[in-house]
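An overview of the molecular structure
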Amino acid sequence: MKLVTAGFATLVTLLSAVKATPTHQFDHFFPGWNNDVQKILSENCSDVYAEYRTGKVNYTLGRQSLVTPVTDCILNVFGETKKAELAVGSLILGLIPTILQTIGSSTIETALVGIRRPLLGIMIAAGSPTVSMMKTKDFAEGIATYVNGDSSRDIGIDFLRTSRRRGLWAAIIAILQYLAVAGALGNVGHLAWQLGVNAVAVFARDTIFAVPLWTAGAGIIHFAGILAIRLRTRLVHVEDSYGAKWARPLDTSVPIQLLPSIFHPTMRLVIRDISKEKIYHALFYALTWMINIGIIAQVSFGTLVLSGLLFFSITDTLIIVARYTLSAIVCRAVVRFELAGMLVSMVPSEPQGTGAPKEAEQAGLTSTDWKEAREQELYLGN
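Please read these numbers as outputs of a predicted model, since none were measured by experiment. (Residues numbered from 1 in each chain as written. Predicted model: local features only at pLDDT ≥ 70, side-chain atom pairs only at ≥ 80, totals over all residues. Heavy atoms only, no water.)

Bringing the overall build of the protein into the picture now. Check the secondary structure of the protein and you find 16 helices and 2 strands. Counting contacts in the protein only where the partners sit at least 6 residues apart, residues at least 24 apart contribute 86% of the total. Put simply, the protein shows about 19,000 Å² of open surface, and 63% of that area lies on carbon and sulfur atoms. (Helix = DSSP H or I, 4+ residues; strand = E, 2+ residues; numbered from the N terminus. Contact = heavy atoms within 4.5 Å. Areas by Shrake-Rupley, 256 points an atom, 1.4 Å probe, with all protein chains shown as cover.)

Structural data, given as structure tokens:
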């Protein structure tokens, strides 16, 4: 009961904060123009700024009746050169969602990491500032890539799985991954705070949640992708499957979800049987369709919000772009490593003509030969 009460109180507080009129948007800006803006506020716009700080809105004039006079006053004092720089900076900020799409992870990639490493997947989803554009068929084809085992995505990390120091490698890589993604997440969260609370957006000058909402949108889309892949597939344990390559690499009490995928016990990603689980199939395609719509909406909203931010110099805008880009690159690198590790540690699904894994089929083994070899391995292992 106490937990419910505390949760309700927190929700009420958040809703009140969103509904309340912001009075701290001009307290501090990025370094480029902060001193200039503060000087203008104290020397040229002190009257309208003092009224703004009261937070008392004259609703007959509209909700923006407090902040609009302050922004107009600052812009009137600005010289033409600064106004031109402001326009260029707005253009650069508006391109951020498009720029990040070219280097960010797709929903399917983040979702695949999420099913093997839930905590890391959630952190990557929250730390990725945007989502790459994709079609519904791309999501299904991406799943098939890892179900069938696509070696074209191998980046040469197979040796880690069989290294004598694989336990040490697993600990070092896991720590580095969590630190890197935590840094990316903190960077994106700090930017969302700075561009929300300490900035003014043209299209919604009386609000502070536009940039945080855009940032949260990417995380929600990635979370939806994790749910979609769980509806479409399931993980199957493969205890001692064909070949030494698939041996269990680590014997540790540490939950495998905390370790890099390349050190996980062998598993197989299996697509659910449509004839037996039709509801999952229908929900999967409905959810992927909504994900595609969500990506378009998130990019469009981000362009609208970021291009309308006021009082940022070109230097400041380039710093913002660099910080968002850095977070996207870090999350992308971790995702890339995890996907490569998954391909090493997962057994491909059985091709329909043989019933044996792809490696066994290429070696000339029939389904019967492969099953007999596996039974022999299990017998010797016991």
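That shown, we press on.
The biggest cluster of nonpolar side chains holds 34 residues, and the ones touching the most others in it are L112, I124, F139 and I291. Contributing elements (two or more residues each) for this core: helix 7 (107-116), helix 8 (118-127), helix 9 (136-148), helix 11 (166-197), helix 12 (210-232), helix 13 (278-307) and helix 14 (314-345). In terms of residue count, helix 12 provides more of this core than any other element does, 7 residues in total. Aside from chain neighbours lying at most four places away, what touches I291 is T107, F139, I221, A224, G225 and A228. (Core = buried A, V, L, I, M, F, W, Y, C linked by side-chain atoms within 4.5 Å. Buried < 20%, exposed > 50% of the residue type's maximum accessible area, 1.4 Å probe, protein only.)

The next subject is the state of the cysteines. Inspection of every chain in the model, using the stated rule, returns 1 disulfide. In this model C45 forms its disulfide with C73; the gap between the sulfur atoms is 1.9 Å. When the S-S torsion is -90°, as for the bridge of C45 with C73, the disulfide is left-handed. Residue C45 is located in the loop between helix 2 (31-43) and helix 3 (46-54), and its partner C73 is located in helix 4 (residues 67-77); the two are separated by 28 residues in the primary sequence. The exposure classification of C45 matches that of C73, with both residues buried. (Disulfide = S-S within 2.5 Å.)

A few words now on the environment of R336. The topology assignment puts R336 in helix 14. Along the sequence, R336 and V113 sit 223 residues apart, while their C-alpha atoms lie 9.4 Å from each other.

Bringing the pattern of salt bridges into the picture now. Counted by the stated rule, this structure contains 5 salt bridges. Where E338 meets R117, a salt bridge forms, and the shortest distance between an N and an O atom there is 3.0 Å. With E338 in helix 14 and R117 in the loop between helix 7 and helix 8, this pair connects stretches of sequence that are 221 residues apart. Residue classification places E338 among the buried positions, given a relative accessible area of 1%. Relative accessible area serves as the criterion here: at 0%, R117 is assigned to the buried category. (Salt bridge = Lys/Arg side-chain N within 4 Å of Asp/Glu carboxyl O.)

Here we come to the packing of aromatic side chains. Summed over all chains, the structure comprises 10 aromatic pairs. A centroid spacing of 6.1 Å and a plane angle of 65° characterise the contact between F26 and F29, whose relative ring orientation is edge-to-face. Comparing F26 with F29, the two get one shared label, buried. The exposure class assigned to F29 is buried, which follows from its relative accessible area of 2%. Counting every residue linked through ring pairs, the aromatic cluster contains F26, F29, W33, Y49, Y52, F78 and F311. (Phe/Tyr/Trp six-rings, centres within 6.5 Å; stacked < 30°, edge-to-face > 60°.)

On to the side chain of D316. The topology assignment puts D316 in helix 14. Salt bridges are absent for the buried D316, whose nearest opposite-charge side chain, R323, sits at 9.4 Å. A distance of 3.1 Å separates the side chain of D316 from the side chain of S313, its partner in a polar contact. Apart from residues no more than four positions distant in its own chain, D316 is found in contact with F30, P31, G32 and W33. (Lys, Arg positive; Asp, Glu negative; His and termini not counted. Polar contact = N/O pair within 3.5 Å; in protein donor to acceptor, adjacent residues only side chain to side chain.)

Orientation of helix 8 relative to helix 11, taken along the N-to-C sense of each, is 30°, at an axis distance of 8 Å. The angle between the axes of helix 8 and helix 11 places the two elements in the roughly parallel class. Considering the relative orientation of helix 8 and helix 11, their crossing is left-handed. In this structure, helix 8 uses L119, L120, M123, I124, A126 and G127 to contact helix 11, whose residues at the interface are Q177, Y178, V181, A182, A184, L185 and V188. Looking at the contact of helix 8 with helix 11 residue by residue, the class counts come to 11 nonpolar, 2 polar and no charged. (Axes fitted to C-alpha atoms, helices over the stretch in contact; angles between N-to-C directions. Parallel < 35°, antiparallel > 145°, perpendicular 65-115°, else oblique. Left-handed = near helix turned anticlockwise from the far one by under 90°. Nonpolar A, V, L, I, M, F, W, Y, C, P; charged D, E, K, R; others polar.)

The subject of this paragraph is a nonpolar patch on the surface. Where nonpolar side chains cluster on the molecular surface, the patch consists of L91, L95 and I99 and spans about 270 Å² of accessible area. With relative accessibility at 42%, the residue L95 sits in the partly exposed group. (Patch = residues over 30% accessible without salt bridge, like charges linked within 9 Å, V, L, I, M, F, W, Y side chains within 5 Å.)

Let us now look at the confidence of the model for the protein. When pLDDT is averaged across the protein, the result is 76; 76% of the residues are at 70 or more. Mean pLDDT values over the elements of the protein span from 40, in helix 1 (residues 2-19), up to 91, in helix 11. The low-confidence segment residues 1-19, where pLDDT is below 50, has 2 contacts with residues more than four positions distant or belonging to other chains. Confidence drops under pLDDT 50 across residues 241-246; counting only partners more than four residues distant or on other chains, this segment forms 23 contacts. (pLDDT = per-residue confidence, 0-100.)

All right, on to unusual backbone geometry then. The bulk of non-glycine residues show a negative phi, and the bulk of peptide bonds are trans. Here the phi dihedral of F311 falls at roughly 70°; this positive angle occurs in a residue that is not glycine. Examined against the element boundaries, F311 turns out to sit in the loop between helix 13 and helix 14. The class for F311 is buried, based on a relative accessible area of 0%.

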